[in-house]
Amino acid sequence: MKYSFANDYSEGCAAKVLDALIESNAVQTCGYGLDGYCEEARKTIQKLIKCEEADVHFLVGGTQTNLTVIAAALRPYEAVIAVDSGHIHVHETGAIEACGHKVIAVKGNDGKLEVEAVKSVLDVHIDEHMVKPKMLYISNATEIGTIYKKAELQALRQFCDQHDLYLFLDGARLGCALNAEGNDLCFADLAALCDVFYIGGTKNGALFGEAVVIVNEALKADFRYMIKQRGGMLAKGRLLGVQFLTLLKDGLYAELAKHANETAQHLQKGMKELGCQLLLESPTNQVFAALSHEEAKRLSQSYTFNHWEKIDACCDYYRFVTSWATPIEAVDGLLEELKRIKEEIACGL
């Protein structure tokens, strides 16, 4: 079988998470996230972010979470601003538009949203004949593996306060972002700077699950109604609580994210040494490397990865993703295979 570098959720879940699910399997609880496990996980998160007033809700996946948060926060005529590589703009099948809210896409800087880009949108959306921009959507880590620095979030927060906008952070890969080299943010900073954000579990060792943290009082009311209406209220909600309780215990969440980052950095370094051009230097668990079409074709016989972006008639960028479970031997194997392929092509074989 091919080894997959296509995403960071190819495996099931971390062993400790699975053990906790098995251990609690026969315990009877009430449903819909109102059980003791979920309540304890909420309190754990509130303590972690140093904000006991925050509301915490557990949903199953990222698209469902983005849809539910945005639908709950915005009036029917309001819109959300995101970079043109943003997940809600590119990879969610128009889910946000389907719930009646326009996604206004702008150019980003290394995948990140900047104040000037947001200002350019506000400058032209000036009256009731257009949608009204109301929310900024950002991802950390971004869709191209970069991370936000504290000063960047502070600038966005200040702008939002000045223009009555919400700041929503997609944390599907938040573990990798907070444990990347060069990161200067912590969970408490997110609670202080964002109106709402979520802690991703699906891509960091959970079977499934995202923990939504709502800080802004204006966004808290009736959120469970929106979860239910959008099909996100899991009957066996305790499965989410058990997983987050385990992930956030004894530093497991950070440990898993660090492993994903370290294996990706090993892969990125190896690809550079083999002469591969990089789309950018990613500090997290996504690597974007240029391969010729022939190199990609041959490498895909043994490994799964994603086409990302066209370069020219002979080369494109491809994305390689490592996970909490990626063995270093798999990375070394890919690098050895790619080296062999390059040597064969150079010899005309």
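Quick note: structure is the one above.
Residues numbered from 1 in each chain as written. Predicted model: local features only at pLDDT ≥ 70, side-chain atom pairs only at ≥ 80, totals over all residues. Heavy atoms only, no water.

J.: I'd love a proper account of the overall build of the chain, names of residues and values included.
T.: For the chain, the count of helices and strands is 14 helices and 12 strands. A compact globule built from 349 residues would reach a C-alpha radius of gyration of about 20 Å, and the chain, at 21 Å, matches this within 12%. For the chain, the spread of C-alpha atoms along the principal axes amounts to about 65 × 55 × 35 Å. Looking at the chain as a whole, 54% of its 349 residues qualify as buried. (Helix = DSSP H or I, 4+ residues; strand = E, 2+ residues; numbered from the N terminus. Rg over C-alpha atoms; globule rule 2.2 N^0.38 Å. Buried < 20%, exposed > 50% of the residue type's maximum accessible area, 1.4 Å probe, protein only.)

J.: An account of the pattern of salt bridges is requested, with residue identities and associated values reported.
T.: Throughout the structure, instances matching the rule amount to 17 salt bridges. Two residues, R157 and D195, come together in a salt bridge whose shortest N-O distance is 3.0 Å. Taken together, the residues span a long stretch of sequence, with R157 in helix α7 (residues 150-163) and D195 in the loop between α9 (187-193) and β7 (196-200) at a distance of 38 residues. Across the pair, exposure class does not vary: R157 and D195 are buried alike. Through salt bridges with shared partners, a single ionic network connects E294, R298, E337, R340 and E344. (Salt bridge = Lys/Arg side-chain N within 4 Å of Asp/Glu carboxyl O.)

J.: Residue-level account of α7, with values.
T.: The first and last C-alpha atoms of α7 sit 20 Å apart over 14 residues, in line with the 20 Å expected at 1.5 Å per residue. Within the span of α7, buried status applies to L153, L156, R157, F159 and C160. When α7 is viewed along its axis, its buried side chains cluster within an angular range of 165 degrees and face the same direction. Across from the buried face of α7, at angles greater than 90 degrees, the exposed residues are A151, Q158, D161 and Q162. Where α7 is buried, its residues contact α6 (115-124), β5 (132-139), β6 (166-170) and α9. Looking at the residues trailing α7, positive phi occurs at D164, about 55 degrees. (Expected span 1.5 Å × (residues − 1). Arc of directions from axis to C-beta. Contact = heavy atoms within 4.5 Å.)

J.: Describe empty space enclosed by the protein, with residues and values.
T.: Counted under the stated rule, the structure contains three cavities of 30 Å³ or more. If you add up the space inside the largest cavity, you get close to 100 Å³. Forming the walls of the largest cavity are Y32, G33, R42, H57, F58, R224, I227, G232, M233, L234, G237 and L240. Going through the elements one at a time, β2 (55-59) and α10 (223-229) are the ones with two or more residues in the lining of the largest cavity. Among the residues making up the lining of the largest cavity, the classes are represented as six nonpolar, four polar and two charged. Approximately 40 Å³ is the volume attributed to the second largest cavity. If you trace the second largest cavity, you find it lined by V69, A72, A73, V196, I214, L219 and F223. Considering each element in turn, the lining of the second largest cavity owes the most residues, three residues, to helix α3 (residues 62-73). Partitioning the lining of the second largest cavity into residue classes produces seven nonpolar, no polar and no charged. (1 Å grid on protein atoms, 1.4 Å probe; cavity = no way out; pocket = protein on both sides within 12 Å on 5 of 7 lines; lining within 4 Å. Points joined across faces, edges and corners; volume = space filled by probe spheres on them. Nonpolar A, V, L, I, M, F, W, Y, C, P; charged D, E, K, R; others polar.)

J.: Go over the sheet that holds β5 with me, naming the residues and quoting the values.
T.: Reading across from one edge, β2-β8-β7-β6-β5-β3-β4 is the order of the seven strands in this open sheet, with mixed pairing throughout. Two strands in the sheet have a free side with no partner beyond their single neighbour: β2 and β4 (103-106). Strand-to-strand twist in this sheet, taken as the mean axis angle between neighbours without regard to direction, amounts to 25 degrees. As judged from the two bridges shared by β6 and β7, these two strands associate in the parallel manner. By the bridge assignment, F168 is partnered in β7 with V196. Against the sheet, helix α2 (residues 36-48) engages β2, β7 and β8 (210-214), with an angle of about 125 degrees to β2. Against the sheet, helix α11 (residues 238-247) touches β2, β7 and β8, its axis set at about 110 degrees to β2. (Pairing = 2+ DSSP bridges. Axes fitted to C-alpha atoms, helices over the stretch in contact; angles between N-to-C directions.)

J.: Explain the packing of aromatic side chains to me, and be specific about the residues and the numbers.
T.: Taken as a whole and judged by the stated rule, the model has nine aromatic pairs. Aromatic side chains F305 and Y318 sit 5.7 Å apart centroid to centroid with 85 degrees between the ring planes, which places their arrangement in the edge-to-face category. Of the two residues, F305 sits in the loop between β10 (303-304) and β11 (306-310) while Y318 sits in strand β12 (residues 315-321), which places them 13 residues apart along the sequence. Joined through ring pairs, the aromatic side chains of Y3, F5 and Y303 make up one cluster. The ring of Y166 has K134 lying over it, and the distance from NZ or CZ to the ring centre is 4.9 Å. (Phe/Tyr/Trp six-rings, centres within 6.5 Å; stacked < 30°, edge-to-face > 60°. Lys NZ or Arg CZ within 6 Å of the ring centre and 35° of its normal.)

J.: So what about the layout of surface pockets? Which residues, and what values?
T.: Size it by volume and the largest pocket reaches roughly 740 Å³. Taken together, 38 residues line the largest pocket, and the ones lying closest to its centre are H87, H91, E143, R173 and R319. Elements with a contribution of two residues or more to the lining of the largest pocket: α3, α4 (87-90) and β11. When residues of the lining of the largest pocket are assigned to their parent elements, the largest contribution, four residues, is made by β11. When the residues that make up the lining of the largest pocket are grouped by side-chain class, the tally is 10 nonpolar, 16 polar and 12 charged. Considering only enclosed or pocket space, the second largest pocket measures out at about 380 Å³ in volume.

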